[in-house]
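Examining the three-dimensional arrangement
Chain by chain, the residues:
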Amino acid sequence: MRNVIFIAPPAAGKGTLSDYLVENKGYAHLSTGDILRRVSREDTEQGIRIRELLRSGTFIGDDIVLPLFREELLKIKDKPFVLDGMPRNLEQAHYLETLFSELSLENYVVIHIDVAKELLEKRVVGRRVCETCKSSYNIYFPLFAPHEEALCDKCHTKLIQRSDDSLETFQERFKTYEEVTQPLIHFYETKGKLKILDGSMRPEDLINAMHSILEEDTND
Ligand SMILES: [Zn+2]
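Read on for a plain summary of the structure. (Residues numbered from 1 in each chain as written. Predicted model: local features only at pLDDT ≥ 70, side-chain atom pairs only at ≥ 80, totals over all residues. Heavy atoms only, no water.)

1. Details of the sheet that holds strand β1 (residues 3-7)
The parallel open sheet is built from five strands, whose spatial order is β2-β3-β1-β4-β7. Two strands lie at the open edges of the sheet, namely β2 (28-31) and β7 (194-198), each paired on one side alone. Sheet twist, expressed as the average angle between the axes of neighbouring strands with direction ignored, equals 25°. As paired elements, β2 and strand β3 (residues 81-84) share four bridges and run parallel to each other. (Pairing = 2+ DSSP bridges. Helix = DSSP H or I, 4+ residues; strand = E, 2+ residues; numbered from the N terminus. Axes fitted to C-alpha atoms, helices over the stretch in contact; angles between N-to-C directions.)

Next comes the structure, spelled out in structure tokens:
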């Protein structure tokens, strides 16, 4: 199976697809966020430094992220893998090109999950969660709406909207996504690595469509 890089806006279904690859297809999930959190728990000089940066919410630069990423990739490179949080910008994309070529890992595909902004906004802003049993609902989609307004079907707790799911936060994240990813989409398109997946599909159809992409002849 080919290695996978996703380019996807918030709430496009990237998590569903990554989980599927890990749970059913033996993929390793390589997340820069996970790597940083793990190292931040170590009592090494680097661990302490990252811990402080994470705590203060400071941006963690490529001088720290890239060597850690490389080290982690070397550990799992005999498995197929899916990247999370990488590449974030063109510099990281160039770095990956060099690294993949050095390690003979050129058999990968970049999947852009394309979803209209209006649909993503409904998925995020309509989300309501139950803090007691962790059930999740969406007031904009009848199939996922709670039976009684603002109450959890399972335990009758009052549902809440998380602050991450506010319209303002969504709009900010989406804007950043667009600014950051447009150059990446162009970069991978010119390399012939880019595939587009229609993210408006139901999860099971999305998984099937991803399968077709991963099984395509890789000698093209
Ligand atoms: Zn509940």
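2. Looking at the coordination of the zinc ion
The protein atoms that coordinate the zinc ion are C130 (SG), C133 (SG), C152 (SG) and C155 (SG), at distances spanning 2.3 Å. Considering all four donor atoms around the zinc ion, the spread of angles at the metal, 97 to 121°, places the coordination shape in the tetrahedral class. Taken in chain order, the donor set of the zinc ion reads C-x2-C-x18-C-x2-C. Taken as a pair, C130 in the loop between β5 (127-129) and β6 (136-138) and C155 in the loop between β6 and α7 (167-190) lie far apart in primary sequence, 25 residues in all. Judged by its relative accessible area of 1%, C130 is buried. (Donors = N, O, S within 2.8 Å, 3.2 Å for Na, K, Ca; no water. Tetrahedral: all angles 85-135°; square planar, octahedral: opposite > 155°, others 65-115°. Buried < 20%, exposed > 50% of the residue type's maximum accessible area, 1.4 Å probe, protein only.)

3. Describing the side chain of D165
Relative to the assigned elements, D165 resides in the loop between β6 and α7. Within the local environment of D165, its side chain forms a polar contact with the side chain of R127, the two groups lying 3.1 Å apart. Residues in contact with D165, not counting those within four places in the same chain, are V124, V125 and R127. (Polar contact = N/O pair within 3.5 Å; in protein donor to acceptor, adjacent residues only side chain to side chain. Contact = heavy atoms within 4.5 Å.)

4. Describing the side chain of S18
As for its placement among the helices and strands, S18 is situated in helix α1 (residues 14-25). On the basis of relative accessibility, which here comes to 6%, the residue S18 falls in the buried class. Not counting residues within four places of it along the chain, the set of residues in contact with S18 comprises F6, H29 and V82.

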